[in-house]
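Each chain, letter by letter, is given below.
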Amino acid sequence: MKAALHTVTSAPELPAYVASGNECALFEHAWRHQLPVLLKGPTGCGKTRFVAHMAARLGLPLHTVACHDDLTAADLTGRYLLRGGDTVWTDGPLTRAVREGGICYLDEVVEARKDVTVVLHPLTDDRRILPLERTGEELAAPKSFMLVVSYNPGYQTLLKALKPSTRQRFVAVEFGFLPSEQEIAVVSTESGLSPERVRPLVGLAGRLRALKGHDLEEGVSTRLVVYCATLIAAGTPIADAVLAGMIEPLTDDVDVKAALLDVARAMIG
C-alpha cells in the first residue's frame, strides 16, 4: 500500500507569508467559529505556506497529508497494526488532529479516493464528529480542531472533482499569484537574491503564465521562481538557472521548450 505523505509541525516561529487580501482574518474567523476551509488555486501559489503560517499564528499543531490516488479513509483515520506480536490500534493523522485539537490539512484532496470525502462529512457539519467504526469510538472534535483542504481547479476532470455536496460544506478561499511587487519581495526574501535581480525573473514568470491553456498546462509557480533565484544567488549563470528552474519543469515538448527559451532570452537576455 502506498503511504500518505504526512507531516506534523508545531514550529514556534511564524513561517513567512505575504497576504494578498483578507485571507488571514477570514481563516482566523473560520477557526474561531469551527468552520472548515477549502483553499483553491494554482500549484505553487502559497496555499500550503499559508496554512503553516496560520497554524503557527494560532499556536496549533498542524497535520499535513499529501493526497494521492491510493489514499484511503483508513490512511486518515487509522488501522490496527502488529507490534511485538500484539495487534494495536494506531491513529491516522486526521484522528490525531481531532484528538489534539489541531489543524488537519489535506493537500490536493481531489487526488484521494472517494471514500475519503465520506469520512470528512461528519466533521464538516454541525455534528463535528469522527466515527471510528473499527474501535467503536465516536470522537467529538474540540473547538480548536479545524479541517482544511486544498485543490488546484486547473487540474479538475470529471473523474477528479469535488462534488457540489462536498464543496458546500466549506468556506472557500481562492488563491492566485501575488502582484509583481509583492512577489518580488517574497522571492527575494526566500532566495537571498536582491529585488533588482529578482524583478526580471518575476516579469518572465508573468509572461509564461499568460501562456497557460495554450502551450502550457500550468504556469510558472512562485515556488519555481524562488528555485531559479536561489540557483542564481548560489552562482549559477542566469541562463542555466532559468532553464533548470523555470523552463524544464513546465514541459517536455521540444518545440514548446524552444519557444519558452526564446521568450526568456527576449526578456532577460
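Note that the structure is predicted; figures quoted are calculated from it, not measured.

### With respect to the packing of aromatic side chains
And step 1. Taken as a whole and assessed by the stated rule, the structure comprises four aromatic pairs.
And step 2. A centroid spacing of 5.2 Å and a plane angle of 50° characterise the contact between Y17 and F50, whose relative ring orientation is tilted. Placement of Y17 in the loop between β1 (5–9) and α1 (23–32) and of F50 in helix α2 (residues 47–58) is noted, with a sequence separation of 33 residues between them.
And step 3. Relative accessible area serves as the criterion here: at 1%, F50 is assigned to the buried category.

### Things to note about the packing of helix α9 (residues 222–233) against helix α10 (residues 238–247)
And step 1. Taken N-terminus to C-terminus, the directions of α9 and α10 make an angle of 150°; their axes are 8 Å apart at the nearest point. In this view, α9 runs roughly antiparallel relative to α10, as classed from their interaxial angle. At the point where α9 passes α10, the crossing takes the right-handed sense. Contacts from L224, V225, C228, L231 and I232 of α9 reach α10 at I238, A241, V242, A244, G245 and M246.
And step 2. Residue composition of the contact of α9 with α10, by class: ten nonpolar, one polar and no charged.

### Some thoughts on a negative patch on the surface
And step 1. Together, D215, D252, D253 and D255 make up a region of like negative charge exposed at the surface.
And step 2. Tracing the backbone through its elements, the reader meets D255 in helix α11 (residues 254–268).

### Considering the pattern of salt bridges
And step 1. Inspection of every chain in the model, using the stated rule, returns 13 salt bridges.
And step 2. R199 serves as the salt-bridge partner of E181, at 2.6 Å between the closest nitrogen and oxygen. Here R199 lies in helix α8 (residues 195–209) and E181 lies in helix α7 (residues 180–191), a separation of 18 residues in the sequence.
And step 3. A salt bridge links D262 to R265; the shortest N-O distance between them is 3.1 Å. Of this pair, D262 and R265 both sit in helix α11, separated by three residues, roughly a single helical turn.
And step 4. The class of D262 is partly exposed, set by a relative accessible area of 47%.
And step 5. By sharing partners, the salt bridges in this structure join E28, R32 and R57 into a single network.

### Re the domain arrangement of the protein chain
Frequently, the measure chosen for interface size is the accessible area removed from exposure when the parts meet.
And step 1. For the protein chain, the assigned domains are domain 1 (5–174) and domain 2 (180–268).
And step 2. The C-alpha centroid of domain 2 is placed 31 Å from the C-alpha centroid of domain 1.
And step 3. Counting residues at the interface gives nine residues for domain 1 and seven residues for domain 2.
And step 4. Counting each side, the surface lost to burial between domain 1 and domain 2 is near 720 Å², with a carbon and sulfur contribution of 47%.
And step 5. Linking domain 1 with domain 2 are one salt bridge, by the criterion used here.
And step 6. A salt bridge links E190 to R49, with the nearest nitrogen and oxygen atoms 2.9 Å apart.
And step 7. Our count for the contact surface shared by domain 1 and domain 2 stands at three residue pairs in polar contact (both at pLDDT 80 or more).
And step 8. Grouping the constituent residues of the side of domain 1 that touches domain 2 by class yields five nonpolar, three polar and one charged.

Each value, and the rule that gives it
- Residues numbered from 1 in each chain as written.
- Predicted model: local features only at pLDDT ≥ 70, side-chain atom pairs only at ≥ 80, totals over all residues.
- Heavy atoms only, no water.
- Phe/Tyr/Trp six-rings, centres within 6.5 Å; stacked < 30°, edge-to-face > 60°.
- Helix = DSSP H or I, 4+ residues; strand = E, 2+ residues; numbered from the N terminus.
- Buried < 20%, exposed > 50% of the residue type's maximum accessible area, 1.4 Å probe, protein only.
- Axes fitted to C-alpha atoms, helices over the stretch in contact; angles between N-to-C directions.
- Parallel < 35°, antiparallel > 145°, perpendicular 65-115°, else oblique.
- Left-handed = near helix turned anticlockwise from the far one by under 90°.
- Contact = heavy atoms within 4.5 Å.
- Nonpolar A, V, L, I, M, F, W, Y, C, P; charged D, E, K, R; others polar.
- Patch = residues over 30% accessible without salt bridge, like charges linked within 9 Å, V, L, I, M, F, W, Y side chains within 5 Å.
- Areas by Shrake-Rupley, 256 points an atom, 1.4 Å probe, with all protein chains shown as cover.
- Salt bridge = Lys/Arg side-chain N within 4 Å of Asp/Glu carboxyl O.
- Lys, Arg positive; Asp, Glu negative; His and termini not counted.
- Charge placed at Lys NZ, Arg CZ, Asp CG, Glu CD.
- Domains from an automatic or database assignment.
- Buried area = accessible area lost by both parts, 1.4 Å probe.
- Polar contact = N/O pair within 3.5 Å; in protein donor to acceptor, adjacent residues only side chain to side chain.

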